[in-house]
Amino acid sequence: MDRAHEALRRIFPGSTGDSIVTVLLTRDEVETLRSGKHQQWDADSLVVLYPIPRNDTGLAVIDNVRGKDQMITYLVAITPDLVVKDLEIIAYREPYGGEVRNKSWQAQFSGKTVSDPLRPGRDIMNITGATISVRAVTFGVRKILATLTLLRQRLSQEVAR
Amino acid sequence: MVRLHMLTVLIISFSYPLFAQVTPTTTVGGYGELHYNEPDGRTRGQLDFHRFVVYLSHTFASDISLYSEVELEHTRIEAGEDDGGEISIEQAFLDYRLSTSIGVRAGILLTPVGLINLYHEPPTFHGVERPNVDRVIIPSTWSEAGAGVYGMLTDGLQYQAYIIAGLDAAGFSAGSGLRGGRQLGYRSNPANPSLTGRLDYTPVLGLQLGGSFFIGGSAGGNDSLGSATVAMWSGDIRYATRDLSLRAVGAIATIGDAEKINAVYRGAVADRIFGYYVEAAYNILPLLAPDSEQELFVFGRFEKYNTQAATTGFAALQQFNRNDIVLGVTYKPTYNTALKCDYTFLKNNLNAGSATNTKQLNIGLGYFFY
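No experiment lies behind these values; they were computed from the predicted model shown.

## Some remarks on the overall build of chain B
- Secondary structure assignment for chain B yields 4 helices and 16 strands.
- Here chain B has a C-alpha radius of gyration of 23 Å; the compact-globule value for 370 residues is 21 Å, and the two agree.

## Some remarks on the overall build of chain A
- When helices and strands are tallied, chain A shows 4 helices and 3 strands.
- Counting from the amino terminus, helix and strand elements in chain A follow one another as α-α-β-β-β-α-α.
- Within chain A, residue pairs in contact and separated by at least 24 positions form 57% of the contacts whose partners lie at least 6 positions apart.
- Accessible area for chain A stands at about 6,100 Å²; split by element, carbon and sulfur atoms hold 48% of it.

## A look at the side chain of B:Arg247
Residues and elements named next belong to chain B.
- Along the chain, the position of Arg 247 falls in strand E11 (residues 244-255).
- With no salt bridge to any partner, buried Arg 247 finds its closest opposite charge in Glu 279, at an N-O distance of 4.2 Å.
- Discounting residues that sit within four places of it in the chain, Arg 247 has contacts with Leu 115, Ile 116, Thr 124, Ile 237, Arg 238, Tyr 277, Val 278 and Glu 279.

## Looking at a nonpolar patch on the surface
- Taken together, the side chains of B:Phe60, B:Ile64, B:Leu94, B:Tyr96, B:Leu98, B:Ile102 and B:Val104 make up a nonpolar region of the molecular surface, amounting to roughly 560 Å² of accessible area.
- Tracing the chain through its elements places B:Leu98 in the loop between strand E4 (86-97) and strand E5 (103-110).

## Brief notes about the confidence of the model for chain B
Residue and element names in this part refer to chain B.
- Per-residue confidence for chain B gives a mean pLDDT of 90, with 91% of residues at or over 70.
- Across residues 1-18, confidence stays below pLDDT 50; counting only partners more than four residues off in sequence or on other chains, it has 34 contacts.
- Across the interface, the model reports ipTM at 0.89; the global pTM reads 0.89.

## Examining the pairing of strand E1 (residues 25-39) of chain B
Residues and elements named next belong to chain B.
- In this structure, E1 lies alongside strand E2 (residues 46-61), joined through 13 bridges in antiparallel fashion. Residue Tyr 31 lies in a different strand from E2, and its bridge partner there is Val 53.
- In terms of strand pairing, E1 meets strand E16 (residues 358-369) through 10 bridges, oriented antiparallel. Looking at the pairing, Gly 32 lines up with Tyr 367 of E16.

## Structural notes on the sheet that holds strand E3 (residues 84-91) of chain A
All names here are of chain A.
- Judged by pairing direction, the sheet is antiparallel, and its 3 strands sit side by side in the order E1-E2-E3 without closing on themselves. For this open sheet the edge positions go to strand E1 (59-66) and E3, each flanked by a neighbour on one side alone. Neighbour-to-neighbour, the strand axes of the sheet open up by a mean angle of 25°, direction not taken into account.
- With 6 bridges connecting them, strand E2 (residues 71-78) and E3 associate as antiparallel partners. Residue pairing in the sheet places Thr 73 in a bridge with Ala 91 of E3.

## Examining the nonpolar core
- If you look at the biggest cluster of nonpolar residues, it comprises 41 residues, and the most contacted ones within it are B:Phe172, B:Leu178, B:Phe214, B:Met232, B:Ile255 and B:Ile261.
- Broken down by secondary-structure element, the contributors of at least two residues to this core are E5, helix H2 (133-137), strand E7 (157-164), strand E10 (230-240), E11, helix H3 (258-265) and strand E12 (272-283) of chain B.
- Tallying contributions element by element places E11(B) first for this core, with 4 residues.
- Every residue in contact with B:Met232, bar those within four places of it in the chain, is listed here: B:Val113, B:Ile137, B:Ile138, B:Pro139, B:Trp142, B:Leu178, B:Ser212, B:Phe213, B:Phe214, B:Ile252 and B:Ala253.
- Listed in part, the 32 residues of the second largest apolar core include A:Leu33, A:Leu59, A:Leu87 and A:Val137.

## So, unusual backbone geometry
- Of the consecutive residues B:Ser140 and B:Thr141, the connecting peptide bond is found in the cis state with omega at -5°.
- Tracing the sequence through the fold places B:Thr141 in the loop between H2 and strand E6 (143-154).
- Within the chain, A:Leu82 stands out as a residue other than glycine whose phi angle is a positive 65°.
- Assignment of secondary structure puts A:Leu82 in the loop between E2 and E3.
- Backbone geometry places B:Thr75, a non-glycine residue, at a positive phi of 65°.
- If you trace the backbone, B:Thr75 turns up in the loop between strand E3 (64-73) and E4.

Rules used in this analysis
- Residues numbered from 1 in each chain as written.
- Chains lettered and ligands numbered in written order.
- Predicted model: local features only at pLDDT ≥ 70, side-chain atom pairs only at ≥ 80, totals over all residues.
- Heavy atoms only, no water.
- Helix = DSSP H or I, 4+ residues; strand = E, 2+ residues; numbered from the N terminus.
- Rg over C-alpha atoms; globule rule 2.2 N^0.38 Å.
- Contact = heavy atoms within 4.5 Å.
- Areas by Shrake-Rupley, 256 points an atom, 1.4 Å probe, with all protein chains shown as cover.
- Buried < 20%, exposed > 50% of the residue type's maximum accessible area, 1.4 Å probe, protein only.
- Lys, Arg positive; Asp, Glu negative; His and termini not counted.
- Salt bridge = Lys/Arg side-chain N within 4 Å of Asp/Glu carboxyl O.
- Patch = residues over 30% accessible without salt bridge, like charges linked within 9 Å, V, L, I, M, F, W, Y side chains within 5 Å.
- pLDDT = per-residue confidence, 0-100.
- Pairing = 2+ DSSP bridges.
- Axes fitted to C-alpha atoms, helices over the stretch in contact; angles between N-to-C directions.
- Core = buried A, V, L, I, M, F, W, Y, C linked by side-chain atoms within 4.5 Å.

Below, the structure written as structure tokens:
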């Protein structure tokens, strides 16, 4: 987790970086998310989120997506308005395709929201030799944006009740 | 304010997760390509399921994994048939990731020279057949038993460096260069441990630069060959925007003691071989169907490759100083399937002025999955 904490301290200066939460999604929520286009799901009914909020500058989510044959662990930092602030690869395990760790590629996600299409090769540049990793991480970001948008709806409904 | 409520809820729990724990898993995938080749556009062609590759991968722990590929070429192998198919282990290696900057790799590895040798899933390159530079100058698929290190040095810069079993000079030839000298991990003679490596650098998004080398003896312990040192240097450039992709690859190799190799094996091996190609491809589908996520590339490639660039003791064989022009299309209904068609003009310096230059129509289907 050290790399994750380093990333958090860089993205959210002043973050203590140890407030962690696991959010359980309901079956209906998972079905809603699964029906979305271009999202990669490996877990059946559970999404584990590890946000490090501490202050109102945002939160972060750590997740795994499968690349060609290995899991890619990545972190997405999101503002309270659910805009992507930053992306970082925490662990890359594939033999090839490590170019998704390049900052210049990751920077394309900054400012993206759930309403951006984020199509690999169209809205997010492909990297030759890293096509599979590009798709995996791009779909992962889409999944996280969709999940947080859905959670915000649930939480606002619960608060309103 | 909804956003404030959300943050409040998210701060409720304090526990330390064991993330980045990856459970042991085995994954299967593969790639393949079916080719139709028709020389001269008049002669009867042939259909060939050129390559059928299955890969098997296993994760032992978060930082240890195996990657392997088994390849069947030309659909079947038959006893006693010299020109039948072949079955081979193209890759089989273990990775142990110590950190981002260094991992250890050992097994049957791909020599990291050029582009096609590392990345040859059919939908990832244009043209039915692999570039000839990646056949007779860089002898793809070039895999060998060895071990070494790899990793990311800094943002945008990755490296690979391996010691592998060397080439065998007995297989070098006038027309196919080093190709016949690959041992491919088949009871490889370890007498010539060779060094190979590659740097990959991305200065800006869309531009990828690569430099690679291979150096090692090829005498295999035969003193009458001298050291027969082979040194290959290669550079590659890839540039891509959303619909345009350009690539260029160059490679040069020197073969030491070629005169001795020729004396022993009665061949016409050159002292130096070299080749390059430049390729441009453009996805025209957005012009026809702006919302489509499919791709339709038109492409052209020029290749020059000479396995007789410098010779000692005999005149360079000009039929092996060749150049190709490949013009074609690549239709990709999905990112991992491709229907390809191209027309290839093959020329060599011996018949430069004559009408006997070869032309070939190629049609191919390719896929990969994981």
